[in-house]
Amino acid sequence: MAPPSRHCLLLVSTLGILALGSFTKGQKNSTLIFTKENTIRNCSCSADIRDCDYSLANLVCSCETVLPLLVQQPSYHGHLTIWFTDTSALGLLLNFTLVQDLKLSLCSTNTLPPEYLAIWGLKRLRINAEAKHPLAEQSLLIHNGDSKSKEKPMSMHKDWPTCMYISFLDMALFNRESSLKSYSIANIASITNNFPYFPYLKTVPIPSNKSYVVTFIY
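Residues numbered from 1 in each chain as written. Predicted model: local features only at pLDDT ≥ 70, side-chain atom pairs only at ≥ 80, totals over all residues. Heavy atoms only, no water.

## Structural notes on the packing of aromatic side chains
Item 1. Taken as a whole and assessed by the stated rule, the structure comprises 8 aromatic pairs.
Item 2. An angle of 65° between the planes, with centres 6.2 Å apart, marks the rings of Tyr 183 and Tyr 218 as edge-to-face. You can see Tyr 183 sitting in strand β10 (residues 182-188) and its partner Tyr 218 sitting in the segment after β11 (212-217), a full 35 residues away along the chain.
Item 3. Put simply, the rings of Phe 168, Tyr 183, Phe 216 and Tyr 218 pair up and form one aromatic cluster. (Phe/Tyr/Trp six-rings, centres within 6.5 Å; stacked < 30°, edge-to-face > 60°. Helix = DSSP H or I, 4+ residues; strand = E, 2+ residues; numbered from the N terminus.)

What follows is the structure in structure tokens.
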């Protein structure tokens, strides 16, 4: 059998490079943010990392240290995972940001205070408190326009913009060995008037001429 010509070898090599490039572009990286020794690391990961494995995250993901004043973003695209040890850092990262797919992993045995975080547009939440309780990861679907989903959404308003959903997350849920729960209230015209016990709502401009779906997660 005659050996392949140089032209054929070059063609095969070129196709291989193009295929690898297409595969790499098809991969969607997820964002991982964690605090370690008073530093905040923002990472882009192409694969799932075992919760709270800081060494592996620094080795496998593309990470950079960010200043606390620069860490908050108005929105996060795609899947966001946050490893945290206290609510102060978590509030800095999440309060009044737009996140649709979120995973929170508690990486300490600290008892968290009964504080609430406000998150815009949250569709899916996963929590892991294995460092504190021997419970499996829990998942909650809050709303989803895909009616074929196996998980039952808590509220279905397919035509509503994502920004019309706001979720209040009770951080004390990480202290309890119980199932993740939530309830939603639709057609809320004024969040600040209907929920006066959340004084920090007055510090954020929230349009009053809109209707909202408010979800409490506990």
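The structure having been displayed, the exposition proceeds.
## Concerning the state of the cysteines
Item 1. Counted according to the given criterion, the structure contains 3 disulfides.
Item 2. What pairs with Cys 45 in a disulfide is Cys 61, and their sulfur atoms sit 2.1 Å apart. Judged by the sign of its S-S torsion, about 110°, the bond between Cys 45 and Cys 61 is right-handed. Placement of the pair is Cys 45 in strand β2 (residues 39-45) and Cys 61 in the loop between α2 (54-60) and β3 (62-66), with a sequence separation of 16 residues.
Item 3. Described in terms of the sequence order of its bonded cysteines, the disulfide pattern of the protein chain is 1-5, 2-4, 3-6. (Disulfide = S-S within 2.5 Å.)

## Details of the pairing of strand β1 (residues 30-36)
Item 1. Of all the 7 residues making up β1, 5 are buried; the element is thus mostly covered by neighbouring parts of the structure.
Item 2. Sheet topology note: the β1/β2 ladder contains 7 bridges and is antiparallel. If you follow Lys 36 over to β2, its bridge partner there is Thr 39.
Item 3. Counting the residues between successive antiparallel strands, the hairpin from β1 to β2 contains 2 residues, one of them, Glu 37, with a positive phi of roughly 55°. (Buried < 20%, exposed > 50% of the residue type's maximum accessible area, 1.4 Å probe, protein only. Pairing = 2+ DSSP bridges.)

## Considering the pattern of salt bridges
Item 1. Taken as a whole, this structure holds 6 salt bridges when the rule is applied.
Item 2. Taking the shortest distance from any N to any O, the salt bridge between Lys 103 and Asp 51 comes out at 3.1 Å. Residue Lys 103 is found in strand β5 (residues 97-106), and its partner Asp 51 is found in the loop between β2 and α2; the two are separated by 52 residues along the sequence.
Item 3. Where Lys 103 meets Glu 137, a salt bridge forms, and the shortest distance between an N and an O atom there is 2.9 Å. With Lys 103 in strand β5 and Glu 137 in the loop between β7 (124-128) and β8 (138-141), this residue pair connects regions lying 34 residues apart in the sequence.
Item 4. Here the residues in one salt-bridge network are Asp 51, Lys 103, Arg 126 and Glu 137, joined through shared partners. (Salt bridge = Lys/Arg side-chain N within 4 Å of Asp/Glu carboxyl O.)

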